[in-house]
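# Chain and residue survey
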Amino acid sequence: MKDSYKIAILVFFGFLTLMMKPFVPVGGGGISLIFVISIPFLIVLGFVFAVVYYFISKKKIARYKRIAFWLMLLTLITFSLLFYPYAN
């Protein structure tokens, strides 16, 4: 897969929490404040990971690029699922 696609995927998964909102109910009251705080954090984290991966991809070390990409992607997915304020 091209590095430009991987960068776009990292940015896309930064918006995963926003894409989950129509399908997964958000809890009411104070728990929805977590939703307001986690969205910008995850979007910024997706952009930061994309920039870091861009600089890693310039090094031309295929093994480390692959490991770094999957670690960043799994981190974004994990944080999106952990920080999402599910309704009970």
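Here we summarise the structure given alongside this text. All values derive from a computational prediction rather than experimental measurement. Here the residue index of a chain counts from 1 through its sequence in written order. Two thresholds apply to this predicted model, a pLDDT of at least 70 for residue-level local features and 80 or more for giving and counting side-chain atom pairs, whereas whole-chain, interface and lining totals are computed over all residues. Excluding hydrogens and water, the side-chain figures rest on all heavy atoms present in the structure.

### A closer look at the overall build of the chain
Numbering of helices and strands runs from the N terminus, with a helix taken as a DSSP run of H or I at least four residues long and a strand as a DSSP run of E at least two residues long. When helices and strands are tallied, the chain shows 4 helices and 0 strands. Secondary structure of the chain in N-to-C order comes out as α-α-α-α. Reported as C-alpha extents along the three principal axes, the dimensions of the chain are approximately 50 × 20 × 15 Å. The contact criterion used is simple: two residues touch if any of their non-hydrogen atoms lie within 4.5 Å. Across the chain, contacts joining residues at least 24 apart in sequence account for 80% of those joining residues at least 6 apart.

### Comments concerning the packing of helix H1 (residues 3–14) against helix H4 (residues 62–83)
Relative orientation of the contacting elements H1 and H4 amounts to 15°, with a least axis distance of 9 Å. When the interaxial angle is binned, H1 and H4 end up roughly parallel. Where H1 crosses over H4, the two elements pack in a sense that is left-handed. Here Asp3, Lys6, Ile9, Leu10, Phe13 and Gly14 of H1 come into contact with H4, specifically with Lys65, Phe69, Met72, Leu73, Leu76, Ile77 and Ser80. Only Asp, Glu, Lys and Arg are considered charged in this grouping, and only Ala, Val, Leu, Ile, Met, Phe, Trp, Tyr, Cys and Pro are considered nonpolar; every other residue, Gly among them, is considered polar. Split by residue class, the contact of H1 with H4 holds 8 nonpolar, 2 polar and 3 charged. Convention adopted: a line fitted to C-alpha atoms gives each axis, helices being fitted over their contacting stretch, and angles between N-to-C directions are expressed from 0 to 180 degrees. Here the word oblique covers every angle except those under 35 degrees (roughly parallel), over 145 (roughly antiparallel) and from 65 to 115 (roughly perpendicular). Less than a right angle of anticlockwise turn of the near helix away from the far helix marks a crossing as left-handed, whereas a clockwise turn marks it as right-handed.

### Details of the side chain of Ser57
If you trace the backbone, Ser57 turns up in helix H3 (residues 31–57). A 3.5 Å cut-off defines polar contacts: any pair of N or O atoms within that distance qualifies, except that in protein one atom must be a possible hydrogen donor and the other a possible acceptor, and neighbouring residues in sequence count only when both atoms are side-chain atoms. In terms of polar contacts, Ser57 uses its side chain to reach the backbone carbonyl oxygen of Tyr54, at 2.7 Å. Excluding its chain neighbours within four sequence positions, the residues that come into contact with Ser57 are Asp3 and Lys65.

### Considerations on the side chain of Lys65
Relative to the assigned elements, Lys65 resides in helix H4. Each residue gets one of three labels from its accessible area relative to the maximum for its type: buried under 20%, exposed over 50%, partly exposed in between, using a 1.4 Å probe on protein chains only. Assessed through its relative accessible area of 15%, Lys65 is described here as buried. Excluding residues within four positions of it along the chain, Lys65 makes contact with Asp3, Tyr53, Ile56 and Ser57.

### Brief notes about the environment of Ser80
With respect to the element layout, Ser80 can be found in helix H4. As for Ser80 and Leu42, which are separated by 38 residues in sequence, their C-alpha atoms are 7.2 Å apart. With sequence-adjacent residues up to four places away left out, Ser80 is seen in contact with Phe13, Leu16, Thr17 and Leu42. For Ser80, the side chain forms a polar contact with the main-chain oxygen of Leu76, separated by 2.9 Å.

### Focus on the packing of H3 against H4
For any two helices packed against each other, the geometry comes down to the angle between their axes and how far apart the axes lie. The interhelical angle for the contact between H3 and H4, taken along N-to-C directions, is 180°, at an axis separation of 10 Å. Taken together, the axes of H3 and H4 lie roughly antiparallel to each other. In this structure, H3 uses Ile34, Ser38, Phe41, Leu42, Leu45, Gly46, Phe49, Val52, Tyr53, Ile56 and Ser57 to contact H4, whose residues at the interface are Lys65, Ala68, Phe69, Met72, Thr75, Leu76, Phe79, Ser80 and Phe83. When grouped by side-chain class, the residues that make up the contact of H3 with H4 number 14 nonpolar, 5 polar and 1 charged.

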